[in-house]
Each structure stands twice: as structure tokens, then as C-alpha cells.
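# Commentary on secondary and tertiary structure
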Amino acid sequence: MTISAYRYRLPGLALCARAFSISGPNLYVSASELKRAAQVKLDFVDSVKPFSGALVDSYNRRHDYLRISLTERCNLRCFYCMPEEGVQLSPTEKLLTDEEILRLAKLFVQSGVTKIRLTGGEPTKHAFLQHGCAAGGLNDLRPYGLQSIAMTSNGLALHRRLPEFVDNGLTHLNLSLDTLDPFKFEFMTKRPGLDAVLRTLKIALESPRLQKIKLNVVIVKGLNDSEVLDFVEITKDKPISVRFIEFMPFTGNKWDKFKMVPSSDLFKLISEKHAGVERLSDEANDTARSWKIPGYQGQFGFISSMSDHFCSTCNRLRITSDGQIKVCLFDAKEVSLRDLMRKGASDSEILRTIGQAVGGKEEKHLHMEDIDVVSNRPMILIGPAILNHVSPLRQNKNSFALSRDLKVPMKQPPLMRNYYSSAIRFSGLTHLDEQGRASMVDVSNKSATRRSATARGRIFISERAYDLINASYSSESNSKTDINSSLLNEAEKKVLRKGDTLTVAQLAAIMGSKKTSDLIPLCHPLLLTDIKANLTCEVIEEPRGTWKYSVACQATVTCEGKTGVEMEALTAVTVGLLTVWDMLKAVAGKDMMISEIVVSEKSGGRSGDFSRT
């Protein structure tokens, strides 16, 4: 029987609701009320089902929530989760099998776990979900005390199979979604797909058997903190919980406390917009403090792992995809349950090891600036052990570790592969550092000199487009005739309405050159002293006697600076030709081709002058 069934039959249990029925500006309830409410619920659970001492740590925290990472693979590349240089992927034989996952799940449930959450990587990329929640899988653990089967997903591919997962026992779903802007989504995840995630959310909301749907939003200052109120508005007509998560430090994610927005700042922003927000009753051991705007269907909350941790009520344990138990997300220590199972250990022996790991759990994790981001795993990395936290159970001649900076394997099995999310290491490339990561060239030791560069390029167009351009330049060109406007079709009239094609393209080329450092990430911003751009219509005779019509663009850029202006000249030509394309696409979209963009001349700098014949 569930706790909710006893809520009004046991007077003490009513405290769980009463202790948190607070509204107004106070963000937190008192610690004594929180502990008292949690203890009432724990005492009730104990009265129904004995709780194994192996899941109770030295601070009397009972761990009834197990997170199982199914895979280290993911179809997104979120910067706060995956290091820029990529991660080590484990060979299949190092990962838990379906049978091993189910064996551990059953052992934990029999010992007192009531909720299991499947995570990753991205859990939908693992075959376990095809049957792990179905008969013979996690659903069969309900008689042992399992109450909830949850999953955390990025939602990219989930919409195709979510109904099947719900039919097979899925009760709770968390979707990770950090922005509602499709362009920002692609920037943050290095992949398109916002529409697919929103489709998953729609299907989830249409699934009545899903007991709870949450959106996890990691807030990074200057990136998506401007969308907080937009996310809150989602709760107006949708029964979901939006949870704002503080940016947390993990190996390789370049965490900076100045990029973290404290939950108290977000709450202030929301409460200034929506007066009278109401504090909601939290579940025991809940990580989020939840609030609701009167009249809204859903709710919002804050997971304040950095500014106000919730370690005193933590009830979570984690199993990685390679079978290590982690008792704290921010603790590098791990113990291999996989190795125990494969050595033939009994359930009681495995439970004894689990108890030793849980017993060693610290009272709280370190301050946010002291968290170990060297030897602890990256958020995405659910693979092999990392240097300095290989447990005694794993130390053998075939074990391996990574160097402290997670760049080069110290000893690597033959099947291990490096996956890089950005640059590939290649010596001699000036914009890569020694680890193969993108890096701006240091020009601080160079002297400022006069530098110049000329670039050229061409766009081939249709004869009709060529005639339309020359209609405005009949006195200056070789055009044989002006165009009678009464004979133009709508597309041709649209081209002329856009204005003077060559003049617009010339201005665009000049503006593009000045914006080069904004468009090309590793270009130095330069103070340009002169930009000349010229576009001309040209007809080229082919060997077979046919004619090709084109617009040629040439740009010369000069400056007094420490680095050359070749990129500025190339950008000018490229933007100029793209503007011609835009001006003429109504009549020549399928016929146009941009080509022959090159640097034709340069002068100044250490490499000397250059001229292309």
C-alpha cells in the first residue's frame, strides 16, 4: 500500500504536506521541519517493509532511489556534459549486460529501493529499453517493492517509442531541454532537433499513465538565462514541472562560478514577474524546491546543487554503465559491482560490498570551487575507471586509467577508441593547441605593420538574370537593350524591386569584411583602414562557342596590425557573392554557382608578399 493511501489515516503523515505549505518570498522551510517530515515518512516505510542496513550510510541517510546508467553514448554534444576533446568509449565487454542490470536492480529493490531511474548517456540508444521495462524485466520487481520506473532522456528520438515504454511500465519522465530557440538549441547541443524534443513532450502530455513529467533546464549565465520566464510560461497550460538546474562542475566542461546563476536570483526574477507565487509541498528527499503560480496547471522548481546543496536528505545511488557504484555524483570514488558478479560473487557478498561503499559516503560534497573535476568522470562519461579512483576490486594487469587531464590514455585496450567532438589532433595547424583543441593564435609578440590582401571570386548566373542586372547599367555596360517592364514576369519584377543588385552586394561585402571576427571564431578583431569592393558583370566564352554569364567580385582590405587581413578579404568576397545570390534567387536560384574564391594578392607580415598569377 502506498504512503498516499495512509496520508489521512496517520495524523503524523499530514506533517509532510503541512510542513511545506508555505507561500510568499521565503524560499526555504526550516531544517527542523524538513527533517521531522522526512522522518515521519521513513518511519512509515519501515513499518511496511524492512530496510536493509546496507543502504543506510553513517549519517543515517536511507538510499531508496537507484539511478542506472545504461550507456555512455549520446546523440547530442552538450558542452556542460561532454568535454570538448571527447570521451573514451568502453568496449562492449566492459559494459553491464541486460542480465547483470536486472540482477543488480532486483538486489537493490529487495534491499529497500522503491524507485529506479534509467539514464545515460542517452538511454534510448541502449537495447535494454526494448525489454527491460517489460514482463521479465523491471516491471516484475514491483512485488518486491518497486513503485516507480523513471527515465531521463534528451527526447530526440523518444517520441517514436514513448507509448511502448509507457505500456511496459514507465511511470516518470524527465526531459532535458535547455532552450526553446532552435538556433540556440543547435549551438548548445551541436545538433539540430528542437522540434523532435517538443514532439516527445507533446506525446508525453497525452499519455495519462505517465504520473509525472519534468523538464530539466541547466541555466548558464549569458547563454539561456534570458529564457527563464519563457520556460515558466510553459507551466501555464501544461501539467509539467520545469526545474532550473544550476550549472555544475564536471571534468572537461570548463565550469566557472561566474557562469552559474544562483537559484535565488532566478526566483527573484520570477517572483517580480508573477506576484503571489506559492510554495508547494515537496516529497521527502526531493532535490528541487517547487513553486506554483496561481491559476497555472504546472509548477517550477530549483535544483540548487551549488548554492544550497541538499546533501543532508540525499537518498540516491548510481550504477554506471560499466557496473561501478557511485554514492555521490561529485565523489570520484567508485567500486566495481560488475567485477564481483563476473567472479561469481553471491547476492549477499555483493550487498556487503554495496554496504561498504554506502558507509563511506561523505556527509556532504565539497564547496563548488573545490569539487574534483580532474579525477571524477565527465557527466557524459559512464565508461572505464579514471586515475586515482580505481578500486582495489579493479586493480589488475588489464585495468587502465586516464592521465589527470583526461587527454591521453596511459594504457589503452586495443578496442578502446577516442571520440572527439570538435578538432582532430594534427601537428602544424596553428589554430590547434597540443591537445588538438581549438585555440586562437597568440600575436602579442608581433609588431604592427601595414598589411594588405586582395581576394576575388565569381558567381555564375543565368542569361536572364544577367540581363536584369544590366538593365540598370545600360549606359555603362555592353547590354544590347533595356528591359521593357511590361514584359517582365512576377519573379523578374521582384528582382528589380529589391534594388540595385551590384550596389547592394558591394555594401554587403564591405560590411561583411568589418564583421569577420564576429563570423569566424578564431579571427582576431582588427582595426581596418580601408576596404575596396568591386563587382562587375562578365561574360565568359566557352571552348565550344557557348557563353557563361557571371558576376565577378574583388575586394582589397588594408590595416595597420599584427596579423594579416586575408580572412577579411575572403569574407568580403563571399558575403558580396552571397548577396548577389539573394538578390537574384527569384529568377536564377537553380542556375547559380559560386566558385573561384581565392586570395589573389597579399603584402606585409613575416611570410612576405604574395601574388597569384
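What counts and how
- Residues numbered from 1 in each chain as written.
- Predicted model: local features only at pLDDT ≥ 70, side-chain atom pairs only at ≥ 80, totals over all residues.
- Heavy atoms only, no water.
- Core = buried A, V, L, I, M, F, W, Y, C linked by side-chain atoms within 4.5 Å.
- Buried < 20%, exposed > 50% of the residue type's maximum accessible area, 1.4 Å probe, protein only.
- Helix = DSSP H or I, 4+ residues; strand = E, 2+ residues; numbered from the N terminus.
- Contact = heavy atoms within 4.5 Å.
- Pairing = 2+ DSSP bridges.
- Salt bridge = Lys/Arg side-chain N within 4 Å of Asp/Glu carboxyl O.
- Phe/Tyr/Trp six-rings, centres within 6.5 Å; stacked < 30°, edge-to-face > 60°.
- Lys NZ or Arg CZ within 6 Å of the ring centre and 35° of its normal.
- Disulfide = S-S within 2.5 Å.

One finds Phe108, Ile116, Leu138 and Phe244 to be the most contacted residues of the largest nonpolar core, which totals 87 residues. No other element matches the seven residues that helix H4 (residues 98-111) contributes to this core. With sequence-adjacent residues up to four places away left out, Phe108 is seen in contact with Leu55, Leu66, Val113, Leu317, Ile319, Ile325, Leu337 and Ile354. Counting 29 residues, the second-largest nonpolar core is a separate cluster that includes Leu535, Tyr549, Cys553 and Val557.

Taken together, twelve strands build an open sheet; the order of strands is S8-S9-S10-S7-S6-S5-S4-S3-S1-S11-S12-S13 and the sheet is mixed. The outermost strands of the open sheet, each flanked by one partner alone, are strand S8 (278-279) and strand S13 (335-336). Note that strand S5 (residues 172-176) and strand S6 (residues 212-219) share five bridges and pair parallel. Within S6, the residue paired with Leu173 across the bridge is Ile213.

Once that is clear, we can look at the pattern of salt bridges. Evaluated as defined, the whole model comprises 16 salt bridges. Residue Lys515 pairs with Asp518 through a salt bridge whose shortest N-O separation is 3.8 Å. Judged by its relative accessible area of 48%, Lys515 is partly exposed. With a relative accessible area of 58%, Asp518 lands in the exposed category. It is possible to trace a salt-bridge network through shared partners that takes in Arg458, Glu538 and Glu596.

Take the side chain of Thr114 next. Within the secondary structure, Thr114 sits in the loop between H4 and strand S3 (115-119). If near-sequence neighbours (up to four positions away) are discounted, Thr114 is found in contact with Asp64, Gly145, Leu146, Gln147 and Ser148.

Throughout the structure, instances matching the rule amount to six aromatic pairs. Each ring, one from Phe267 and one from Trp291, has its centre 4.4 Å from the other, and the planes form 45 degrees; the classification is tilted. With a gap of 24 residues between them, Phe267 in helix H9 (residues 263-273) and Trp291 in strand S9 (residues 289-292) connect regions that are remote in the sequence. Using a relative accessible area of 7% as the deciding quantity, one classes Phe267 as buried. Geometrically, the ring pair formed by Phe267 and Phe302 is edge-to-face, given 6.2 Å between the ring centres and 85 degrees between the ring planes. In this pair, Phe267 sits in helix H9 while Phe302 sits in strand S10 (residues 299-303), placing the two residues 35 residues apart along the sequence. Aromatic ring contacts, followed pair by pair, group Phe231, Phe244, Phe267, Trp291, Phe300 and Phe302 into a single cluster. Here the guanidinium or amino end of Lys115 rests over the ring plane of Tyr65, the centre of that ring lying 4.8 Å away. In this structure, Lys548 packs its charged tip against the face of Phe460, placed 4.0 Å from the ring centre.

Attention shifts here to the pairing of strand S15 (residues 449-461). Most of S15 sits inside the fold, with ten of its 13 residues counted as buried. Both S15 and strand S17 (residues 547-561) contribute to a ladder of 13 bridges, which runs antiparallel. Along S17, the bridge assignment pairs Ile459 with Val551.

Time to look at the state of the cysteines. Counting across every chain of the model gives zero disulfides. The thiol of Cys314 is not disulfide-bonded; the next cysteine sulfur, from Cys328, is found 6.7 Å away. Assessed through its relative accessible area of 17%, Cys314 is described here as buried. No disulfide involves Cys328; its sulfur sits 6.2 Å from that of Cys311, the nearest cysteine. We classify Cys328 as buried; its relative accessible area is 18%.

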